[in-house]
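Spelled out from the first residue to the last, the chains are:
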Amino acid sequence: MYLVIGATAHFGRQAVEELVAAGAPVRALTRTPERAELPEEVDVVRGDLTKPETLPAALAGVEAAFLVLQYGMDVAPLLAAAGQAGVRRLVFLSSGAVVPGAERQPDVIAQYHRDVERAIEASGIEWTFLRLLFPAINSLTFAMQLQGGDVIRAPYAEAAFSAVHERDVAEVVARTLIGGGHAGRAYDLTGPESLTQAQQVGILGEMLGRPLTVEDLDPEVVLEQMSRFMDPEFLAALFGLMAQAVGKPAPVNDVIEQITGHPARAYARWAADHRADFGG
């Protein structure tokens, strides 16, 4: 049995679909099974990582689990329950902000994810880390703006990222959960191309047949406004990562192709797959 934790979010849901397509027995952990809307082959169970008493039943008979954590979530109860249940392998969706080999990480995002990685390493359970910096689904934040016109307003318009299609992540998850040869490996996942946010908006415009433009906002003003209702340290780290990505190409590798057997999907493919989200 393969367990997906965070099964109703973007990455978890598609990981479930990939496992089902591979013919693997899948269990999905969610706080709200009645709203899961997952394939009928999936064993959907109620569970909550903040309620350790809900975990043993979900982990019973599980060979390997895919783990997506909300930032700041304590992983200790899950690791304790997984160890007691005899789970053999964990695949953790970590952050590409992690600096390999650094005792102290450069920001709170990298530090949190590296701390989780260390806890998993110390658990004695076989592990694989998938380090993802910029998922293409971040562009969904543009969709609401496009309802009111053809201008996207965002800080760091010239920050470049190699955006990753969530379906590619799901395929990697399925292969690392089911297949061998991935124990003790940390994979940096990238898309096939480096694109600035402005270039991404241009691709969205071509897909929609609309002349979209970008207004580059003052990062300090946006940061101050967002910090009123979001974690200031987290936001400062996020903005720091974007600032570092200005004026230089994003790293691109072929890890997704090595694992899945096909090249990573381009951003234009992602845009086409999400046409409906942008009103197209």
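- Under an unreviewed UniProt entry, the name given to the protein is NAD(P)H-binding protein, and the organism recorded is Nonomuraea bangladeshensis.

### Considering the overall build of the protein
- Within the protein one finds 11 helices and 11 strands.
- Here the protein has a C-alpha radius of gyration of 19 Å; the compact-globule value for 280 residues is 19 Å, and the two agree.
- Seen through its principal axes, the protein has C-alpha atoms that stretch 55 × 40 × 35 Å.
- Across the 280 residues in the protein, those meeting the buried criterion constitute 48%.
- The contacts of the protein with a sequence gap of at least 6 include a subset with a gap of at least 24, amounting to 72%.

### A word on unusual backbone geometry
- Despite not being glycine, E37 shows a phi value in the positive range, around 50°.
- Mapped onto the elements of the fold, E37 is located in the loop between β2 (26-30) and β3 (43-46).
- For Y156, which is not glycine, the phi torsion reads 60° and is therefore positive.
- Considering the arrangement of structural elements, one finds Y156 in the loop between β7 (151-155) and β8 (160-161).
- Under the relative-accessibility criterion, Y156 is labelled buried at 16%.

### Digging into the UniProt feature "domain: NAD(P)-binding" (unreviewed entry) in the protein
- UniProt tags residues 6-176 as "domain: NAD(P)-binding" (unreviewed entry).
- The span residues 6-176 carries 35% helix and 20% strand; its end-to-end C-alpha distance comes to 17 Å.

### Side note on helix α9 (residues 232-244)
- Spanning 13 residues, α9 covers 18 Å between terminal C-alpha atoms, matching the ideal 18 Å at 1.5 Å per step.
- Every buried residue belonging to α9 is among L235, A237, F239, L241 and M242, and all of these are buried.
- In the core, the buried residues of α9 are packed alongside α4 (108-122), β7, β8, α7 (197-208) and α8 (219-226).
- Backbone nitrogen of E233 and a side-chain oxygen of the N-cap are separated by 2.9 Å at the start of α9; the cap is D231.

### What about the side chain of H274?
- Turning to its location among the elements, H274 is positioned in the segment after α11 (267-273).
- Its relative accessible area of 9% is what places H274 among the buried residues.
- What H274 contacts, discounting residues up to four positions off in sequence, is L140 and E166.

### Quick look at the environment of V99
- Locating V99 in the fold gives a position in the loop between β5 (89-95) and α4.
- Along the backbone, V99 and S194 are 95 residues apart, and their C-alpha atoms lie at a distance of 20 Å.

Cut-offs used in this document
Residues numbered from 1 in each chain as written. Predicted model: local features only at pLDDT ≥ 70, side-chain atom pairs only at ≥ 80, totals over all residues. Heavy atoms only, no water. Helix = DSSP H or I, 4+ residues; strand = E, 2+ residues; numbered from the N terminus. Rg over C-alpha atoms; globule rule 2.2 N^0.38 Å. Buried < 20%, exposed > 50% of the residue type's maximum accessible area, 1.4 Å probe, protein only. Contact = heavy atoms within 4.5 Å. UniProt positions renumbered as here; feature names shortened; annotations may be inferred. Expected span 1.5 Å × (residues − 1). Polar contact = N/O pair within 3.5 Å; in protein donor to acceptor, adjacent residues only side chain to side chain.

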